[in-house]
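Single-letter residue listing:
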Amino acid sequence: MISLRGRALSATLDRPLTRELWRLVSDKIPGPDEAVIGSGGGTLNVVRSGGDAGPNTVVLPPHLDHLDGGDIIAVSPDGRRIEVLWRARSRHNSLLLTERCDNYCLMCSQPPKERDDSRLLRRASALVRMLPPTAHELGFTGGEPTLYGSGLVSLLRTATQCLPDTEFHLLSNGRRFADPGFTAEYASVRNPRLMVGIPLFGAEPSLHDYVVQARGAFDETVSGILALAQHRQRIEIRVVLQKNTAPAIVEIAGFIARNLPFVEKVALMGLEMTGLARANLAEVWTDPYEYRNELAEAALLLRHAGIRTDIYNHQLCVLPRRVWPLAVRSISDWKNEYLSACMSCSVQEACGGLFASSAKHRHSDHIAAIPHPTPRAREAISSAQPQDMVMPAPP
Amino acid sequence: MRQRLTLETAPGPLEHLPFRFERWTDGRVLVTNMVGEHVFLSEAEFSALADLRIADPALLRTLRAKHVVRQRGETLPVELLALKYRTQHHRLADFTGLHMFVVTLRCEHSCGYCQVSRRTVARTEFDMSAETAVAAVETAFRSPSPHLKFEFQGGEPLLNMEIVRLVTQEAQRRNRDEGRQLAFVIASNLALLDDEVLDFADEHDVYFSTSLDGPQDLHNGNRPRPGRDSWERTIAGVTRIRKRLGHHRVSALMTTTAASLGKVRDIIDCYLEQGFHDIFLRPVSPYGFALRPRQRRAYDMAAWIDFYREGMDYILELNARGTPVVETYSALVLKKMLTNANPGYVDLTSPAGIGIAALLYNYDGAVYASDEGRMLAENGDMTFRLGDLAEDSYDTLMTGAALLDPLEESYTGSAPQCSDCAFERWCGADPVFHHATTGDPVGRKPESAFCNRNMAVFRYLLDRYTADPHARELFHAWAAR
Ligand code: SF4
Ligand code: SF4
């Protein structure tokens, strides 16, 4: 597993670093915010774990040896702590904007911490200015980024100006959008490549509020989604399947199809065994094999409502074949693992495998090699026309 | 440590949102909310709902999710209901989209169930004049609808192609400034189809709709013409259209006659053999010649309901075996049942579709609220004659009592029985049918064949939807069409 932060093996610096973010370059004269990876000669030099520690050089720990030209790292003033913020070769980079959150989801992979970390927002703003215009996609996550209010909107505006061709994905619990003033401000960024992903864990308040551990959250989240729709913003709904939501998945899908059919996309996601999910294992774990038929019914119901629907983090062997075309091989290259059963599996190539955390901590008891593959052409599931709701004009 | 919320955290006091219900013979109770979302409850669950003493948390969640109950003071459920209700009705503002032109009463067929008092081929005084045609196009364009569909019927419209051409060209000329979406359909038995007609259809994007009652002997028995070759000519026409213009340019409609009863599988097989994957299991209409009592084709609605059920069983079986077939009427009902979209089908809307969804321009310049309204007039009943193109403007046609009174009286939201009916959101108002059969635009629903038929369809579809996951998935696919 490739890690994104670590301590340097050694650091020799003339004086403490005054800038935090460095773009790594290997084959050109470094600019003021660029560090040379490999040989020396720059203001800051970065060498892989086996290399020589020259002057102004940070030696990477072995698990960060994958760093290369184009990657962007944050380095502490003493050169000791390194954090990877941008991996040039990855198509899915995302930035943590805060660890604060007004929800406290039972299976949160990034458990909220209540402390001022607004430096993360400032750092993101600096990073966005350093990215190449060819950057394909950038995600903003939390915590709850909308807690910054106008601060978040400024970041989005900067990002839109610096990176006109990049796809942006904001992950939010959606509650802040219930405030019409904030939603209008967010919409004023006017970036057609910006989408907000909002988790929904129930079709009515009691289940959703329980899963996110916040009373009143459902009403605010759904009102937020409606307000975003009034402003014609792009919305994705994310449903994590766990012990409480899985039995309600068809009801949740039906609710989305009937009440929120204007959303662009729904992601049905398997549980990631990190953070609170591990602490609350008994309350959240359920074997995907148990809910596979309901998951398939929910996914197809959404598809028939004209909503693009993807299934994430579910192994093909625990999914009914008729929804294989909707399964996305989403787990990024460096997070997935396979079990011994997978070695003789005919669809291993197409299967996402398991999150490393799942492989280690908890996974379905029904992982079993598929002896014969079935074609998984996406077109096999016909898609319906998107439906719209007749919305009143925004206030 | 944070205070943990539990799943069973008791909600505040509950209250009902508007709902309606219908008991099933097996003890279940169908509950529908004010926009037609449904849920089946057991008798005990239904009592709990009625008394608002809902102990089962899963049941409470479902009833809140389906907007049947809310916690007192909650506003979101009402907001969402309003959105859905508004969406279901938004087509109303568009007004009339379908404009039917009876370009001639002449026909060379003499079908027993024909809705038109056909005239023999030689009598051209039953043709629409150019003046009438142009006035009708003018009226059609007065409708604010962004989509205008021009449907040519008769008689046999191919017997008056001159007017079909004139209307099409006139509409396209007018549309150069207006930029609306136009569609043209010729409803024809195709017996007289020739290259000239096909050239015209090709050039102007015209579609064809034809009658196909099923296998050869059944169809020819229903649809006599000199030579008894209606089926052969229809099939030949379908083949020619598909070859020349593409498969999708012709659709077929069937009418269930007494002779069709018991033959529904053969009829469906015939459609499949002919490459039609949509079939509309349509009861015979009670108008025109078909309204004549004691005629040999008469049958009662109960017989049609058996016919429909058997046909649907077969259609579901075919789909399960991998042969896609859609029953068009069920698909329209399912769209209303499972989505907020209103397909705008004239017989399944309320306010009724007469006038505001469809207008009919007769060959002689008379304007009717529907095809059936014209049929009544042919038999001397002028109730649904809205006016005359030579005398009336769009405004007087659309605001006269002949249209507004039956619209208002038949509205299912207030009509006796309909307003309390659990199926109301999926159903429609048919004031012309009820006027024709009872002399009153509302009618008495327990005796109404329209109501009996729809109730049977709703019940059949719901039973299959709840009992059979395969049917459920298929029904969602149909609703999405
Ligand atoms: S056996 Fe492994 S590779 Fe095959 S479907 Fe299951 S998880 Fe995927
Ligand atoms: S016609 Fe019958 S089924 Fe339709 S709404 Fe009225 S009572 Fe109900």
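Residues numbered from 1 in each chain as written. Chains lettered and ligands numbered in written order. Predicted model: local features only at pLDDT ≥ 70, side-chain atom pairs only at ≥ 80, totals over all residues. Heavy atoms only, no water.

## Thoughts on the overall build of chain B
Broken down by element type, chain B carries 17 helices and 15 strands. By the compact-globule yardstick of 23 Å for 481 residues, chain B fits well, its C-alpha radius of gyration being 24 Å. Here the C-alpha coordinates of chain B stretch approximately 90 × 50 × 50 Å along the principal axes. Within the span of chain B, comprising 481 residues, buried residues form 58% of the whole. (Helix = DSSP H or I, 4+ residues; strand = E, 2+ residues; numbered from the N terminus. Rg over C-alpha atoms; globule rule 2.2 N^0.38 Å. Buried < 20%, exposed > 50% of the residue type's maximum accessible area, 1.4 Å probe, protein only.)

## A word on the packing of aromatic side chains
Residues and elements named next belong to chain A. With the rule as written, the count across this model stands at 24 aromatic pairs over all chains. Judged by centre distance (5.9 Å) and plane angle (50 degrees), the ring pair of Phe218 and Phe255 falls under tilted. Placement of the pair is Phe218 in helix H5 (residues 217–230) and Phe255 in helix H6 (residues 249–259), with a sequence separation of 37 residues. Taking the relative accessible area as the measure of exposure, Phe218 reaches 3% and is therefore buried. (Phe/Tyr/Trp six-rings, centres within 6.5 Å; stacked < 30°, edge-to-face > 60°.)

## Focus on the site of ligand 1
Contacts to ligand 1 come from Gln315, Leu316, Cys317, Tyr338, Cys342, Cys345, Val347, Gln348, Cys351, Ile367, Ala368 and Ala369 of chain A. In the shell around ligand 1, the residues fall into 10 nonpolar, two polar and no charged. (Near = heavy atom within 4 Å. Nonpolar A, V, L, I, M, F, W, Y, C, P; charged D, E, K, R; others polar.)

## Points about the nonpolar core
Counting 121 residues, the largest nonpolar core has Phe101, Phe150, Phe208, Leu461 and Phe475 of chain B as its most contacted members. When residues of this core are assigned to domains, at least three map to each of domain 1 (14–88) and domain 2 (95–388) of chain B. Those residues in contact with Phe150 of chain B that lie beyond four places of it in its chain are His99, Phe101, Ala140, Phe141, Val167, Ala171, Leu182, Ala183, Phe184 and Val185 of chain B. Listed in part, the 106 residues of the second largest apolar core include Ala74, Tyr210, Ala214 and Val266 of chain A. (Core = buried A, V, L, I, M, F, W, Y, C linked by side-chain atoms within 4.5 Å. Domains from an automatic or database assignment. Contact = heavy atoms within 4.5 Å.)

## Thoughts on the domain arrangement of chain B
Interface size is often expressed as the accessible area that is lost when the parts come together. Residues and elements named next belong to chain B. Domains assigned within chain B are domain 1 (14–88) and domain 2 (95–388). Averaged C-alpha coordinates put domain 1 and domain 2 at centres separated by 40 Å. Taken together, the contact pairs four residues of domain 1 with four residues of domain 2. Taken together, the two surfaces of domain 1 and domain 2 that pack against each other cover about 400 Å², and 44% of this comes from carbon and sulfur. Between the two partners, domain 1 and domain 2, sit zero salt bridges. Along the contact surface separating domain 1 from domain 2 lie zero residue pairs in polar contact (both at pLDDT 80 or more). (Buried area = accessible area lost by both parts, 1.4 Å probe. Salt bridge = Lys/Arg side-chain N within 4 Å of Asp/Glu carboxyl O. Polar contact = N/O pair within 3.5 Å; in protein donor to acceptor, adjacent residues only side chain to side chain.)

## Looking at empty space enclosed by the protein
All names here are of chain A. Taken as a whole, this structure holds seven cavities of 30 Å³ or more when the rule is applied. Volume-wise, the largest cavity comes out at about 130 Å³. If you go around the largest cavity, you meet 16 residues; those closest to its centre are Leu271, Trp285, Pro288, Asn313 and Gln315. Partitioning the lining of the largest cavity into residue classes produces six nonpolar, nine polar and one charged. (1 Å grid on protein atoms, 1.4 Å probe; cavity = no way out; pocket = protein on both sides within 12 Å on 5 of 7 lines; lining within 4 Å. Points joined across faces, edges and corners; volume = space filled by probe spheres on them.)

## As for the interface of chain A and chain B
Each partner contributes residues to the interface: chain A has 36 residues there, and chain B has 35 residues. Taken over both partners, the interface formed by chain A and chain B buries close to 3,100 Å², and the fraction arising from carbon and sulfur atoms is 57%. The three residues of chain A that bury the most area against chain B are Arg258, His304 and Val390 of chain A, which together make up 24% of that side's buried surface. Viewed at the interface, chain B and chain A are joined by four salt bridges. Residue Glu283 of chain A pairs with Arg4 of chain B through a salt bridge whose shortest N-O separation is 2.8 Å.

## Comments concerning the side chain of Thr166 of chain A
Residue and element names in this part refer to chain A. Here Thr166 is to be found in the loop between helix H2 (150–162) and strand S11 (167–171). Within the local environment of Thr166, its side chain forms a polar contact with the backbone oxygen of Ala135, the two atoms lying 2.8 Å apart. In contact with Thr166, not counting residues within four places along its chain, are Pro133, Ala135, His136, Glu137, Leu138 and Arg193.

## So, the sheet that holds strand S9 (residues 206–211) of chain B
All names here are of chain B. Spatial ordering of the open sheet is given by S10-S9-S8-S7-S6-S13-S14-S15, a layout of eight strands whose pairing is mixed. Of all strands in the sheet, those with a lone pairing partner are strand S10 (250–253) and strand S15 (385–388), marking the two edges. Going from strand to strand, the sheet's axes swing by 25 degrees on average, the running direction of each strand aside. With four bridges connecting them, strand S8 (residues 181–187) and S9 associate as parallel partners. Paired with Phe184 across the two strands is Val206, which belongs to S9. Across the sheet, helix H5 (residues 161–178) is in contact with strand S6 (98–102), strand S7 (147–153) and S8; its angle to S8 comes to roughly 175 degrees. (Pairing = 2+ DSSP bridges. Axes fitted to C-alpha atoms, helices over the stretch in contact; angles between N-to-C directions.)

## A word on the sheet that holds strand S1 (residues 5–7) of chain A
Neighbouring strands of a sheet are bound in pairs by backbone hydrogen bonds; such pairs are parallel or else antiparallel. All names here are of chain A. Read from one edge to the other, the open sheet built from eight strands follows the order S1-S8-S7-S3-S4-S5-S6-S2, with strand pairing classed as mixed. Whereas interior strands pair on both sides, the edge strands pair on one side only; in this sheet they are S1 and strand S2 (10–12). Averaged over all neighbouring strand pairs, the angle between strand axes comes to 30 degrees, with direction disregarded. Of the strand pairs in this sheet, strand S4 (residues 34–37) and strand S5 (residues 45–47) are connected by two bridges, and their pairing is parallel. Bridging from a neighbouring strand, Val36 pairs with Asn45 of S5.

## Quick word on unusual backbone geometry
Across the chain, the bulk of peptide bonds are trans and the bulk of non-glycine residues have phi less than zero. Cis geometry is found at the peptide bond from Gly142 of chain A to Gly143 of chain A, where omega equals 10 degrees. Assignment of secondary structure puts Gly143 of chain A in the loop between strand S10 (137–141) and H2. Not every positive phi belongs to a glycine, and Gln213 of chain A is a case in point at roughly 55 degrees. The residue Leu190 of chain B is not glycine, and still its phi comes out positive at about 70 degrees. With respect to the element layout, Leu190 of chain B can be found in the loop between S8 and helix H6 (195–204). Taking the relative accessible area as the measure of exposure, Leu190 of chain B reaches 2% and is therefore buried.

## Observations concerning the domain arrangement of chain A
Residue and element names in this part refer to chain A. When cut into domains, chain A gives domain 1 (5–86) and domain 2 (94–335). Using only C-alpha atoms to locate each centre, domain 1 and domain 2 end up separated by 34 Å. With 10 residues of domain 1 at the interface, the matching set in domain 2 holds 11 residues. For the pair domain 1 and domain 2, the summed buried area comes to about 940 Å², and 67% of that belongs to carbon and sulfur atoms. Together, Leu21, Leu85 and Trp86 form the three largest contributors to the area buried by domain 1 at its contact with domain 2, with a combined 58%.

## Observations concerning the confidence of the model for chain B
Confidence along chain B averages 91 in pLDDT terms, with 93% of residues attaining 70 or more. Taken together, the chains of this predicted complex give a pTM of 0.92 and an interface ipTM of 0.91. (pLDDT = per-residue confidence, 0-100.)

## Re the environment of Pro446 of chain B
Residues and elements named next belong to chain B. Inspection of the secondary structure assignment puts Pro446 in the loop between helix H15 (431–438) and helix H16 (449–467). Taking the C-alpha atoms as reference points, Pro446 and Gln417, 29 residues apart in sequence, are found 8.5 Å from one another. Filtering out sequence-adjacent residues up to four positions away, Pro446 remains in contact with Gln417 and Asn452.

## Here's the deal with H6 of chain B
Residue and element names in this part refer to chain B. Buried residues of H6: Val197, Leu198, Phe200, Ala201 and His204, and no others. Taken down its axis, H6 places every buried residue within 160 degrees of arc, on the same side. Counted as exposed and oriented over 90 degrees from the buried face of H6: Glu196 and Glu203. If you follow the buried residues of H6, they end up packed against H5, S8, S9 and helix H8 (230–245). Here H6 starts with a cap whose side-chain oxygen sits 3.2 Å from the backbone nitrogen of Glu196, and that cap is Asp194. In the stretch just after H6, Asp205 is the one whose phi turns positive, near 60 degrees. (Arc of directions from axis to C-beta.)

## Re the UniProt feature "domain: Radical SAM core" (unreviewed entry) in chain A
Summarizing the sequence annotation, UniProt attributes the feature "domain: Radical SAM core" (unreviewed entry) to residues 97–241 of chain A in the numbering used throughout. Counting secondary structure, residues 97–241 of chain A comes out at 38% helix and 16% strand; the distance between its end C-alpha atoms is 25 Å. (UniProt positions renumbered as here; feature names shortened; annotations may be inferred.)

## A look at helix H17 (residues 469–479) of chain B
Within H17 of chain B, the full set of buried residues consists of Ala471, Arg472, Leu474, Phe475, His476, Trp478 and Ala479 of chain B. Residues of H17 of chain B that are buried sit in contact with helix H9 (288–304) of chain A together with helix H10 (301–320), strand S12 (326–327), helix H11 (328–338) and H16 of chain B.

## Thoughts on a negative patch on the surface
On the surface, Asp405, Glu408, Glu409 and Asp440 of chain B cluster together into a patch of negative charge. Mapping Glu408 of chain B onto the fold places it in helix H14 (residues 401–410). (Patch = residues over 30% accessible without salt bridge, like charges linked within 9 Å, V, L, I, M, F, W, Y side chains within 5 Å. Areas by Shrake-Rupley, 256 points an atom, 1.4 Å probe, with all protein chains shown as cover. Lys, Arg positive; Asp, Glu negative; His and termini not counted. Charge placed at Lys NZ, Arg CZ, Asp CG, Glu CD.)

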